[in-house]
Amino acid sequence: MNKRHAVAVVLLTLGFILCYGTVGHAELHNVWTSVHTAKCIIGLLLWAAVIPASGDVPREESEDNKDE
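Cut-offs used in this document
Residues numbered from 1 in each chain as written. Predicted model: local features only at pLDDT ≥ 70, side-chain atom pairs only at ≥ 80, totals over all residues. Heavy atoms only, no water. Helix = DSSP H or I, 4+ residues; strand = E, 2+ residues; numbered from the N terminus. Contact = heavy atoms within 4.5 Å. Areas by Shrake-Rupley, 256 points an atom, 1.4 Å probe, with all protein chains shown as cover. Expected span 1.5 Å × (residues − 1). Buried < 20%, exposed > 50% of the residue type's maximum accessible area, 1.4 Å probe, protein only. Disulfide = S-S within 2.5 Å. Axes fitted to C-alpha atoms, helices over the stretch in contact; angles between N-to-C directions. Parallel < 35°, antiparallel > 145°, perpendicular 65-115°, else oblique. Left-handed = near helix turned anticlockwise from the far one by under 90°. Nonpolar A, V, L, I, M, F, W, Y, C, P; charged D, E, K, R; others polar.

Remarks on the overall build of the chain
Alright, step 1. Along its length, the chain carries two helices and zero strands.
Alright, step 2. Of the contacts formed within the chain by residues at least 6 apart in sequence, a portion of 62% connects residues at least 24 apart.
Alright, step 3. When the accessible area of the chain is evaluated, it comes to approximately 5600 Å², of which 65% is carbon and sulfur surface.

Structure follows, in structure tokens:
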């Protein structure tokens, strides 16, 4: 496991904890507010950040290097 994968695992874990804790708090107190929605969106954005952070997405070549 390289450093990029370790960062991806940390982001995935933080996003999961944030979403899971927010939904649990909302269910426990039987309310859903805009704060809960914002926290869940942030958690989902952390999940989405895992893909480019892991380095598994190929980079597109620049216009200068395509001719070579």
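Structural notes on helix α1 (residues 3-29)
Alright, step 1. Here α1 spans 39 Å end to end across 27 residues, near enough to the 39 Å set by a 1.5 Å rise per residue.
Alright, step 2. What α1 keeps buried is the set A8, L11, G15, C19, T22 and A26.
Alright, step 3. In the core, the buried residues of α1 are packed alongside α2 (34-54).
Alright, step 4. Just beyond α1, the residue with positive phi is N30, at close to 60°.

Brief notes about the state of the cysteines
Alright, step 1. Across all of its chains, the model carries zero disulfides by this definition.
Alright, step 2. Just so you know, C19 is unpaired, no disulfide at all, and the nearest cysteine sulfur is the one on C40, 4.7 Å from it.
Alright, step 3. For C40, a relative accessible area of 13% corresponds to the buried category.

Brief notes about the environment of V31
Alright, step 1. Assignment of secondary structure puts V31 in the loop between α1 and α2.
Alright, step 2. Residue V31 is classed as partly exposed on the basis of its relative accessible area, which comes to 41%.
Alright, step 3. When sequence neighbours within four positions are dropped, the list of residues in contact with V31 reads A26 and H36.

Thoughts on the packing of α1 against α2
Alright, step 1. Two elements in contact, α1 and α2, have axes separated by 8 Å at closest approach and are oriented at 165°. Taken together, the axes of α1 and α2 are roughly antiparallel relative to one another. The interaxial crossing formed by α1 with α2 has left-handed handedness.
Alright, step 2. Tallied by class, residues from the contact of α1 with α2 come to 18 nonpolar, seven polar and two charged.

Observations concerning α2
Alright, step 1. A rise of 1.5 Å per residue sets the reference length of α2, with its 21 residues, at 30 Å; its end C-alpha atoms lie 31 Å apart and thus fit the reference within 8%.
Alright, step 2. Tucked inside the fold, the buried residues of α2 contact α1.
Alright, step 3. A positive phi of about 85° marks G55, the residue just after α2.

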